[in-house]
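# Report on the structure
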Amino acid sequence: MLYSTTGQTQKVSEELAWELGAQMHEINAAPPENGVFGRLFSGFAALLARGLSYDVPDQPWDRSDLLILGAPIWNGRAARPLRQWLESRPALPERVAFLLTSEEAEYPARAIEDLSDLTGRQPVAVLHVSESDISRGTWKGRIEHFLDQCVVRYHHSA
Ligand SMILES: Cc1cc2nc3c(=O)[nH]c(=O)nc-3n(C[C@H](O)[C@H](O)[C@H](O)COP(=O)(O)O)c2cc1C
């Protein structure tokens, strides 16, 4: 399950879905205004109870073996449309993993903690990909460890 505005999160998700043989589902929401004003706006919108409008496919998420939640970082947290969906407390499987993309290289510890709180789960795996990872192509090597953690249960039961 992913949300992506400019395609970075989607690009990484496509690779993960391909490697895992998993289905990709996208949250649709009106894109944020970009630039400094847009970033401020989405910060304010996050404070409003009504929030932004978004559309999530209707699936029995809790029946999947693993759900990977992917989003860009907005103002230090996972993007609003994903957070908003999680705030509605959808039924989730026991095993969740997080994918976060950002402009800055700094590891988004606070956003990961926030997603753990929202899902009520400790993720089985976390992948953070920054824009410089994407432009230099260095993220592809790092997804292997993430994928290993995602499928570890099969290794044990095999
Ligand atoms: C409203 C908004 C807020 C953002 N805030 C941050 C931020 O706090 N830290 C950061 O590193 N990048 C920030 N970014 C950059 C995005 O996280 C980054 O470009 C991401 O890779 C975009 O993913 P996407 O193409 O899947 O939408 C922000 C982008 C937008 C549009």
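Scroll up to find the structure this text is about.
Overview of the structure. (Residues numbered from 1 in each chain as written. Predicted model: local features only at pLDDT ≥ 70, side-chain atom pairs only at ≥ 80, totals over all residues. Heavy atoms only, no water.)

### Notes on the site of the ligand
Residues in close proximity to the ligand total 20 residues, the closest being Ser4, Thr6, Thr9, Ile73 and Glu131. Interatomic distance of 2.7 Å between a backbone N/O atom of Ile73 and an oxygen atom of the ligand. Within the contact set of the ligand, an oxygen atom lies 3.1 Å away from a backbone nitrogen or oxygen of Gly76. Here the ligand loses 91% of its free accessible area of 650 Å² to cover by the protein chains. If you list the elements that add at least two residues to the shell around the ligand, you get helix H1 (8-20), helix H2 (35-47), strand E3 (67-74) and strand E5 (96-102). With 3 residues, the single largest contributor to the shell around the ligand is E3. (Near = heavy atom within 4 Å. Polar contact = N/O pair within 3.5 Å; in protein donor to acceptor, adjacent residues only side chain to side chain. Areas by Shrake-Rupley, 256 points an atom, 1.4 Å probe, with all protein chains shown as cover. Helix = DSSP H or I, 4+ residues; strand = E, 2+ residues; numbered from the N terminus.)

### A look at the sheet that holds strand E6 (residues 125-130)
Across a sheet, paired strands are connected by hydrogen bonds in the backbone, their directions being either parallel or antiparallel. Spatially, 4 strands are ordered E4-E3-E5-E6 in an open sheet, and the strand pairing comes out mixed. The sheet is open, and its two borders are formed by strand E4 (77-78) and E6, each paired with just one other strand. In terms of strand pairing, E5 meets E6 through 6 bridges, oriented parallel. Bridged to Leu99 within E6 is Leu127. This element, H1, spans E3, E5 and E6 of the sheet and lies at about 145 degrees to E5. Sheet strands in contact with helix H4 (residues 109-119) are E3, E4, E5 and E6, and its direction is about 145 degrees off that of E5. (Pairing = 2+ DSSP bridges. Contact = heavy atoms within 4.5 Å. Axes fitted to C-alpha atoms, helices over the stretch in contact; angles between N-to-C directions.)

### Some words on the pattern of salt bridges
For the structure shown, the criterion picks out 7 salt bridges. A salt bridge links Glu87 to Arg80; its shortest N-O distance comes to 3.2 Å. Given a relative accessible area of 38%, Glu87 falls into the partly exposed group. For Arg80, a relative accessible area of 7% gives the class buried. With a closest N to O distance of 2.6 Å, Arg83 and Asp114 form a salt bridge. Note that Arg83 is positioned in helix H3 (residues 80-87) and Asp114 in helix H4, a separation of 31 residues in sequence. Each member of the pair Arg83 and Asp114 is classed as buried. (Salt bridge = Lys/Arg side-chain N within 4 Å of Asp/Glu carboxyl O. Buried < 20%, exposed > 50% of the residue type's maximum accessible area, 1.4 Å probe, protein only.)

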